[in-house]
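Per-entry structural report
Chain by chain, the residues run as shown.
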Amino acid sequence: MALLSIRNLHASIGDKEILRGVNLDVNRGEVHSIMGPNGNGKSTLAGIIAGNPKYTVTQGEIIYKDKNILDMPVDVRAAEGIFLGFQYPVEIPGVSITNFMKAAVDEQRKYRGLDPLSSAEFLRLMEEKKKVVEMTTNLVGRSVNEGFSGGEKKKNEIFQMAMLEPTLAILDETDSGLDIDALRIVAGGVNRLRSDSNATIVITHYQRLLDYIVPDFVHILYEGKIVKTGPKELALDLEERGYEWIKEELAAGGSVR
Amino acid sequence: MNELVRQLSAIRVAQRKNEVWRHVDFSDYLTDDMQLPQPTVLADAVPSEQHSLIDGHYHPATHRPSGVDIISMGEARAKGLIGTEASSATNPYDQLNAEHYTDGFFVRAHGTSLSDGAPLYLRTEGRQRGATLTHTRSIVRVEEGCQLSIVRSDEGMDENTGFASDVTEFYLGRNASLAYYEMQNLGSRKALLSQLHVHMEEGATLQMGIFTLNGGYVRNHCEVHMHGEHCNCHIAGLYLMDRKQQTDDYVFVDHQCPNCTSREVFKGIMDDMAHAVFHGHVRVDEGAVGTNASQSNKNILLTDKAGVHAQPFLEIYNDDVMCSHGTTTGQLDEQAMFYLRSRGISERTARTLLLYAFCDEVIQTVSLPKLRTRMSDLVKKRLHGELTPCADCVLHCSTPCNGPDANFRIDTSVL
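Residues numbered from 1 in each chain as written. Chains lettered and ligands numbered in written order. Predicted model: local features only at pLDDT ≥ 70, side-chain atom pairs only at ≥ 80, totals over all residues. Heavy atoms only, no water.

Structural notes on the interface of chain B and chain A
- Each side of the interface is counted separately: chain B has 22 residues, and chain A has 33 residues.
- Buried surface at the junction of chain B and chain A, both sides included, amounts to about 2200 Å², of which 64% is carbon and sulfur.
- A per-residue breakdown of the area chain B buries against chain A is headed by Phe338(B), Tyr339(B) and Arg343(B), which together make up 38% of the total.
- Joining chain B to chain A, the criterion identifies 2 salt bridges.
- One salt bridge in this structure joins Arg343(B) and Glu157(A), with 2.7 Å as the shortest N-O distance.
- For the side of chain B that touches chain A, the secondary-structure elements that each account for two or more residues are helix H4 (334–341) and helix H5 (347–363) of chain B. (Contact = heavy atoms within 4.5 Å. Buried area = accessible area lost by both parts, 1.4 Å probe. Salt bridge = Lys/Arg side-chain N within 4 Å of Asp/Glu carboxyl O. Helix = DSSP H or I, 4+ residues; strand = E, 2+ residues; numbered from the N terminus.)

Focus: the domain arrangement of chain B
Residues and elements named next belong to chain B.
- In terms of domain boundaries, chain B breaks down into domain 1 (2–331) and domain 2 (333–415).
- The interface of domain 1 with domain 2 comprises 37 residues on the first partner and 26 residues on the second.
- Summed over both sides, the interface between domain 1 and domain 2 buries roughly 2700 Å², with carbon and sulfur atoms accounting for 66% of that surface.
- Along the contact surface separating domain 1 from domain 2 lie 2 salt bridges. (Domains from an automatic or database assignment.)

With respect to the environment of Ser52(B)
All names here are of chain B.
- As for its placement among the helices and strands, Ser-52 is situated in strand E1 (residues 50–54).
- Classification of Ser-52 as buried rests on a relative accessible area of 1%.
- Separated by 102 residues in sequence, Ser-52 and Asp-154 place their C-alpha atoms 9.9 Å apart.
- A polar side-chain atom of Ser-52 sits 3.1 Å from the main-chain carbonyl oxygen of Gln-50. (Buried < 20%, exposed > 50% of the residue type's maximum accessible area, 1.4 Å probe, protein only. Polar contact = N/O pair within 3.5 Å; in protein donor to acceptor, adjacent residues only side chain to side chain.)

As for the sheet that holds strand E4 (residues 105–109) of chain B
Residue and element names in this part refer to chain B.
- Spatial ordering of the open sheet is given by E3-E4-E6-E8-E10-E12-E14-E16-E18, a layout of 9 strands whose pairing is mixed. Each edge of the open sheet carries a strand with a single partner, namely strand E3 (68–72) and strand E18 (307–316). Across this sheet, the average inter-strand angle for adjacent strands is 10°, counted without regard to direction.
- Strand contacts of helix H1 (residues 2–14): strand E6 (132–142) and strand E8 (162–172), with the helix running at about 70° to E6, the strand carrying the most contacts. (Pairing = 2+ DSSP bridges. Axes fitted to C-alpha atoms, helices over the stretch in contact; angles between N-to-C directions.)

Focus on the confidence of the model for chain A
- For chain A, per-residue confidence averages 92 on the pLDDT scale, and residues scoring 70 or more make up 98% of the total.
- Confidence, expressed as mean pLDDT per element, reaches its minimum in chain A at helix H9 (residues 244–251) of chain A with 84 and its maximum at strand E6 (residues 82–85) of chain A with 98. (pLDDT = per-residue confidence, 0-100.)

A few points about the pattern of salt bridges
- Throughout the structure, instances matching the rule amount to 36 salt bridges over all chains.
- Between Glu165(A) and Lys129(A) there is a salt bridge, with the nearest N and O atoms lying 3.2 Å from each other. Remark: Lys129(A) occurs in helix H4 (residues 119–130) and Glu165(A) occurs in the loop between helix H5 (150–164) and strand E9 (168–172); sequence separation between them is 36 residues.
- For Lys129(A), a relative accessible area of 9% gives the class buried.
- We note a salt bridge from Asp285(B) to Arg283(B), for which the minimum N-O separation is 3.5 Å.
- Asp285(B) sits in the partly exposed class, given a relative accessible area of 21%.
- On the basis of relative accessible area, Arg283(B) is assigned to the partly exposed category, the value being 26%.
- Through salt bridges with shared partners, one network takes in Arg64(B), Asp69(B), Arg108(B) and Glu143(B).

A few points about the packing of aromatic side chains
- With the rule as written, the count across this model stands at 11 aromatic pairs over all chains.
- Taken together, a centroid distance of 4.7 Å and an interplanar angle of 85° make the contact between Phe86(A) and Tyr339(B) edge-to-face. A residue pair is termed interchain when its members come from two chains, as with Phe86(A) in the loop between E6 and strand E7 (92–96) and Tyr339(B) in helix H4. The same class applies to Phe86(A) and to Tyr339(B), which are both buried.
- Ring centres of Tyr29(B) and Tyr217(B) lie 6.4 Å apart, and the angle between their planes is 50°; this geometry places the pair in the tilted category. (Phe/Tyr/Trp six-rings, centres within 6.5 Å; stacked < 30°, edge-to-face > 60°.)

Structural notes on the packing of helix H8 (residues 233–241) of chain A against H9(A)
All names here are of chain A.
- Viewed as axis vectors pointing N to C, H8 and H9 meet at an angle of 100°, and their least axial separation amounts to 8 Å. Taken together, the axis directions place H8 and H9 in an arrangement best described as roughly perpendicular. Contacts from Leu-234, Asp-237, Leu-238 and Arg-241 of H8 reach H9 at Glu-244, Trp-245 and Ile-246.
- Here the contact of H8 with H9 is built from residues that sort into 4 nonpolar, no polar and 3 charged. (Parallel < 35°, antiparallel > 145°, perpendicular 65-115°, else oblique. Nonpolar A, V, L, I, M, F, W, Y, C, P; charged D, E, K, R; others polar.)

So, the side chain of Arg382(B)
Residues and elements named next belong to chain B.
- For Arg-382, the position within the fold is in helix H6 (residues 369–383).
- Given the relative accessible area of 7%, Arg-382 is considered buried.
- A distance of 3.3 Å separates polar atoms of two side chains, one belonging to Arg-382 and the other to Gln-245.

Quick notes on the sheet that holds E6(A)
Residues and elements named next belong to chain A.
- One open sheet accounts for 6 strands, arranged E6-E9-E10-E3-E11-E12; its pairing is mixed. Two strands lie at the open edges of the sheet, namely E6 and strand E12 (225–230), each paired on one side alone. Between one strand and the next, the sheet's axes are offset by a mean angle of 20°, whatever the strand orientation.
- As paired elements, strand E3 (residues 31–35) and strand E10 (residues 199–203) share 4 bridges and run parallel to each other. Counterpart to His-32 in the pairing with E10 is Ile-201.
- Set on the sheet, H8 makes contact with E3, strand E11 (217–222) and E12; between it and E11 the angle comes to about 45°.

This is the structure:
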């Protein structure tokens, strides 16, 4: 059984249908990349797996660790190991990163029947995990994402991922707004966290990121469906030819699959 | 005695059509059996740093910051130190207060350097048993070029009914600077009508913060008059109300002269059936060119039955000004909530964190670091439910509560 198995997923925001029957299987140890033109449902899919209440699932199911998670509260999904790296991380002035992460780590530990970390243990863990994304700034006393540059926000997402050690990480356009150095650091962090027991879904527009985070599969999400799946070379094809040929193939009839 | 109750009721009825006072209704807190406060012989000593008005009478403290004189209003009156100011009543409640106040603080800051930055601690408390009606009145003068910080608390968490009318007049000389922070933590059977009348001369600076943590009915009536150029005032307010508690904040800033700035930030959280009024009024006179004024009022309602009436108002008589106002009322931001919960934080914890974050903007306006930490702790405790132990609290106060009996007092002596 796959770690994540999405079956015929339909979803909408308000009256607008965005996903129109997504099917996807992700196994432990795999990296999947989801690509596709803007506005075709990539972020929606990521949000729905994490449980964003903004979207309504109208049909289908998401099976994760053999459980249908559609009715599972957002925080329980997280405690079960699902992590979403946000495309636009939210700024929360007044909540320090330390308090935020301590609350998250402790509540996830509580869910797994573990005692909370002592302050010393926690601070040690933070220092260790900061290295994953080469963070040099002193996080203590800083509010969550407040006044962070685009790059710092994305590094902070990967830092949180390192702290929480998820089983399934979904990175929603983690590369957008990053310069080449920051991209290398962020991708390096993701690679360091890869293992045989976890899986990663990377949502991106550009092949560039996939030079650093090499996927096992590339999927194209178009008009609310995964219309094509291929090996990592598919991303290179897209980079070269754009999305037009996919649209043409689809128009010519039949599945591109 | 009941004559005073009758007069207060009559004023309230007469002022119902006055825009400034029309929401004010403390009739539930006035009873026929109300007593005037009697001088108290204190069983325990007054903390050495807190000058206190206990049951309407002054109890001096031994400590005061250098360059600051403080005596009782009674003594000041006897010495002929009170000039015309005490008769400059601006409204009927002020008038009644001027006629009936028992005592108050008479403060004069004449030092040019408060290098130690130590504030003056003032405390008002009702300890008398039974329903009490108190009128107190204070005067604070900050002389030309001088600086003063005041930390004031209004306390009385007991269940006795009480009505307190307190007026404080502030006179800031040229280039004088005042930081004034008032914390209110009163029982649900108590009403407080607090009036702050500030007069600023050229170049004066005012930093004010009003924190209403509890109280049956609290009206903060604040008037700032800028009589000279280049005055600068920043007024912040935070009100956290639950059950049937009510607040009514009125802030009037009068820009009479050119090139003055004023900034108001008021925020509140209302739970249960609590209700708040914010009425901000900025008037910019004809000659007051180069005025920069802003008003902001934001509210979070936690239930359908909680309510707020927000009324920002700008009255501008010249073109060369920069003025803005804004008000919002709503629930917690859903995307911020999703962000926190997507990290495994439960809904309850996420709510607590976001409510605190909402208050933080106001807490950060406190310029005294120790008071800022203390305010932050008090707000955390208030949000967490004042009598619950800290064990499962996520906010990590710097001074943890002492178990389930932790007393929720302002206690400025720990600053």
